[in-house]
Amino acid sequence: MSKVKKESTEVVDVKANIPTTIFGMDISQLESDAGQGSQNVSAQDMATPIISILQSNSPQCKKSDGKYIKGATEGMLFNNVTGEVYDGESGIMVVPCFFEKVFIEWKPNRGGLAGIHDANTPLRDQVTMVKDAEGKESPTLPNGNALIETNQHYVLLLNEQGFEPAVIAMSSSALKSSRTWNTLIKRVTLSNGKGGVFNPASFYMAYKLSTIARTKDNYSWFGWNIEPQGPVATMDLYNAGAALSKAVAAGAVKVKQEQVDGGPASVIDNEEAIPFD
């Protein structure tokens, strides 16, 4: 969360304008009580944010919508846990830590999440493309639910305070961006000092994710732009990436999927409506 320092002993939450320290209290007392009250909170008890692209039809961009966010415009990035928006041109810095392909099943008519299936689910063979009232096709199961192929990139989102776990979920046309990112990661090589080379862990490198305007036929939207930024700055950040990777692999970190504006938050940009990769 974006914060600015007001005085040497006070940090103010910019969004809520609420001081996060107590005037007159010694910082050593606060430090001695660190973590109390939330000592039983694990990674599974916290919401891992999904970062998505806002489009012109996103509710966060519409003043008449209850989900409107002041200052939000198409092409910006949206954090579905904190409600923060980030400038799409400036982008965000992330460290990729784990990749996972899933198939997310959604009930029709904004009915919510029906299930999350692994990459080898036999449900894939039951899908047919069905047009909705607007003529848009979606992969649909016999029960009427949509089955959306989604590539989930678990990352460390870098910010002024350090970093936090997040997910960049890409589906439909954004799968092309996901494949590009995976290719960039797999192409990184280091010398082992013995005449050989190896591909380091994904969390060895940082990447800038920004947005770019795209058009095809009658469609226009904002998509992902991915740029390598070189190795992470510190071993602490590298080790944090390794820890997140292990936590996700162990099932200790879960994405809280939610349905927004007729589709999952991971595809809030409505790219599932665009009939190409």
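Anything mentioned here points back to the structure above.
Residues numbered from 1 in each chain as written. Predicted model: local features only at pLDDT ≥ 70, side-chain atom pairs only at ≥ 80, totals over all residues. Heavy atoms only, no water.

This part takes up the pattern of salt bridges. Per the stated rule, a full pass over the model turns up one salt bridge. For the salt bridge of Lys101 with Glu149, the shortest nitrogen-to-oxygen distance reads 2.6 Å. Taken together, the residues Lys101 in strand β7 (residues 92-107) and Glu149 in strand β11 (residues 146-159) connect sequence positions 48 residues apart. (Salt bridge = Lys/Arg side-chain N within 4 Å of Asp/Glu carboxyl O. Helix = DSSP H or I, 4+ residues; strand = E, 2+ residues; numbered from the N terminus.)

To continue, consider the sheet that holds strand β6 (residues 85-86). The sheet built from three strands is open, its strands ordered β4-β5-β6 with antiparallel pairing. A single partner strand is all that each edge strand has here, and the edge strands are β4 (51-53) and β6. Of the strand pairs in this sheet, β4 and strand β5 (residues 77-79) are connected by three bridges, and their pairing is antiparallel. Paired with Ile53 across the strands is Leu77, a residue of β5. (Pairing = 2+ DSSP bridges.)

This next bit is on helix α3 (residues 235-249). Taking 1.5 Å per residue, 15 residues should reach 21 Å; α3 reaches 21 Å between its end C-alpha atoms and fits that length. Those residues of α3 not exposed but buried are Leu237, Ala240, Gly241, Ala242, Leu244, Ser245 and Val248. As for α3, its buried residues are in contact with β7, β11 and β12 (162-171). (Expected span 1.5 Å × (residues − 1). Buried < 20%, exposed > 50% of the residue type's maximum accessible area, 1.4 Å probe, protein only. Contact = heavy atoms within 4.5 Å.)

Once that is clear, we can look at the side chain of Asn151. Its place among the elements puts Asn151 in strand β11. For Asn151, a relative accessible area of 3% translates into the label buried. When sequence neighbours within four positions are dropped, the list of residues in contact with Asn151 reads Phe99, Glu100, Lys101, Ile168, Ala169, Met170, Leu175 and Ser178.

Each aromatic ring pair is characterised by the separation of its centres together with the angle its planes make. Summed over all chains, the structure comprises three aromatic pairs. Measuring from centroid to centroid gives 6.0 Å for Phe98 and Tyr154, while their planes differ by 80 degrees, and the two rings are edge-to-face. Of this pair, Phe98 sits in strand β7 while Tyr154 is found in strand β11, placing the two residues 56 residues apart along the sequence. An angle of 65 degrees between the planes, with centres 5.0 Å apart, marks the rings of Phe203 and Tyr238 as edge-to-face. Of the two residues, Phe203 is situated in the loop between β14 (197-198) and β15 (205-216) and Tyr238 in helix α3; the sequence distance between them amounts to 35 residues. Using a relative accessible area of 25% as the deciding quantity, one classes Tyr238 as partly exposed. (Phe/Tyr/Trp six-rings, centres within 6.5 Å; stacked < 30°, edge-to-face > 60°.)

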